[in-house]
Amino acid sequence: RGRDLREAQEQMEPTIRVIQECLGDLIFSRGEQTLEQVLAAQLQATGVSLAICDFGLHGAVASQLAQAAGNSGVLKGSLALPNAAGSTGAQGEDDSLHQAEEVRSQFSADYGLVIGPLQPVESRATYLVTLVGPGRCAQQEFTHAGHGSLRLNRSIKQVLNFLRLQLREIRSEEHTS
């Protein structure tokens, strides 16, 4: 409570700092920004462009990022391919690295991102996300699980957050160089 908005916000600051210290990297913004809006702004601020090859999430990551980025040019292109592990899609870490380089080159982007394919494991699936660019090669495996109505959105957020954290590292490395 406060006499005005400024005073109320000042009184909230100590609590906000504690929350930020506890949650760390899980916090991507303050206010009403979505994760994809934050990522699009990061890409624009760093001047980084991205190309995506998606074998498992039906092009949903590129679609959400494109909506957030508008005509900024940060998303150079994307491919949404069937989740066909073993046929034409990336399978292992080396295949995924090669595919990320291919999509990066195909669309003349700074970074190439490969998602999937989904690999069924019992009642869920796993998928590998690979990012390749100048001086950067990062991979992380995620679980595609949960209630069917939430599963795709959860996986989209995992990939977007992976990119957000990678971009933060890239920016940090550039400032220390």
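Being a predicted model, the structure only gives us computed values, none of them experimental.

An account of helix 4 (residues 93-106) is requested, with residue identities and associated values reported.
Over its 14 residues, helix 4 runs 20 Å from end to end, which matches the ideal 20 Å to within 8%, given 1.5 Å per residue. If you check which residues of helix 4 are buried, you get Ser96, Gln99, Ala100 and Val103. Along the axis of helix 4, the buried residues cluster in a sector spanning 105°; they form a single face. Turned more than 90 degrees off the buried face of helix 4, the exposed positions are Asp94 and Ser105. Just downstream of helix 4 lies Ser108, where phi reads positive at about 50°.

Outline a negative patch on the surface, supporting the account with residue identities and numerical values.
A grouping of Glu93, Asp94, Asp95 and Glu141 is seen on the molecular surface, where their side chains present a negatively charged patch. Here the negative patch gets 3 residues from one element, more than from any other, and that element is helix 4. Here Asp95 lies in helix 4. With relative accessibility at 40%, the residue Asp95 sits in the partly exposed group.

Outline the packing of aromatic side chains, listing residues and values.
Counted under the stated rule, the structure contains 2 aromatic pairs. Ring centres of Phe142 and Phe162 lie 6.2 Å apart, and the angle between their planes is 85°; this geometry places the pair in the edge-to-face category. Placement of Phe142 in strand 6 (residues 136-144) and of Phe162 in helix 5 (residues 148-176) is noted, with a sequence separation of 20 residues between them. Classification of Phe142 by relative accessible area gives buried; the value is 10%. Classification of Phe162 by relative accessible area gives buried; the value is 4%. Put simply, the rings of Tyr127, Phe142 and Phe162 pair up and form one aromatic cluster.

Explain the pattern of salt bridges residue by residue, including any values.
In the structure shown here, the tally under the stated rule is 5 salt bridges. A salt bridge links Glu169 to Arg136; the nearest nitrogen and oxygen atoms lie 3.2 Å apart. Here Glu169, found in helix 5, pairs with Arg136, found in strand 6; they are 33 residues apart in sequence, far enough to count as distant. Judged by relative accessible area, Glu169 falls into the partly exposed class, the value being 37%.

Please provide a residue-by-residue account of the side chain of Ser155, values included.
Take Ser155: it is sitting in helix 5. When residues no more than four places from it in sequence are discounted, the contact partners of Ser155 are Leu57, Tyr127, Thr143 and His144.

Please set out the pairing of strand 1 (residues 50-54) residue by residue, giving values where relevant.
Buried residues dominate strand 1, accounting for 5 of its 5 residues. Alternating positions in strand 1 separate into two faces, Leu50, Ile52 and Asp54 on one and Ala51 and Cys53 on the other, with burial throughout. Where strand 1 and strand 2 (residues 75-80) come together, 5 bridges link them in parallel fashion. Each residue of the ladder has a partner; that of Cys53, found in strand 2, is Leu79. You can see the chain leave strand 1, run along helix 3 (residues 60-69) and come back into strand 2, and the turn it takes is right-handed.

Cut-off values and rules
Residues numbered from 1 in each chain as written. Predicted model: local features only at pLDDT ≥ 70, side-chain atom pairs only at ≥ 80, totals over all residues. Heavy atoms only, no water. Helix = DSSP H or I, 4+ residues; strand = E, 2+ residues; numbered from the N terminus. Expected span 1.5 Å × (residues − 1). Buried < 20%, exposed > 50% of the residue type's maximum accessible area, 1.4 Å probe, protein only. Arc of directions from axis to C-beta. Patch = residues over 30% accessible without salt bridge, like charges linked within 9 Å, V, L, I, M, F, W, Y side chains within 5 Å. Areas by Shrake-Rupley, 256 points an atom, 1.4 Å probe, with all protein chains shown as cover. Salt bridge = Lys/Arg side-chain N within 4 Å of Asp/Glu carboxyl O. Lys, Arg positive; Asp, Glu negative; His and termini not counted. Charge placed at Lys NZ, Arg CZ, Asp CG, Glu CD. Phe/Tyr/Trp six-rings, centres within 6.5 Å; stacked < 30°, edge-to-face > 60°. Contact = heavy atoms within 4.5 Å. Pairing = 2+ DSSP bridges. Right-handed = clockwise from strand over helix to strand, strands pointing away.

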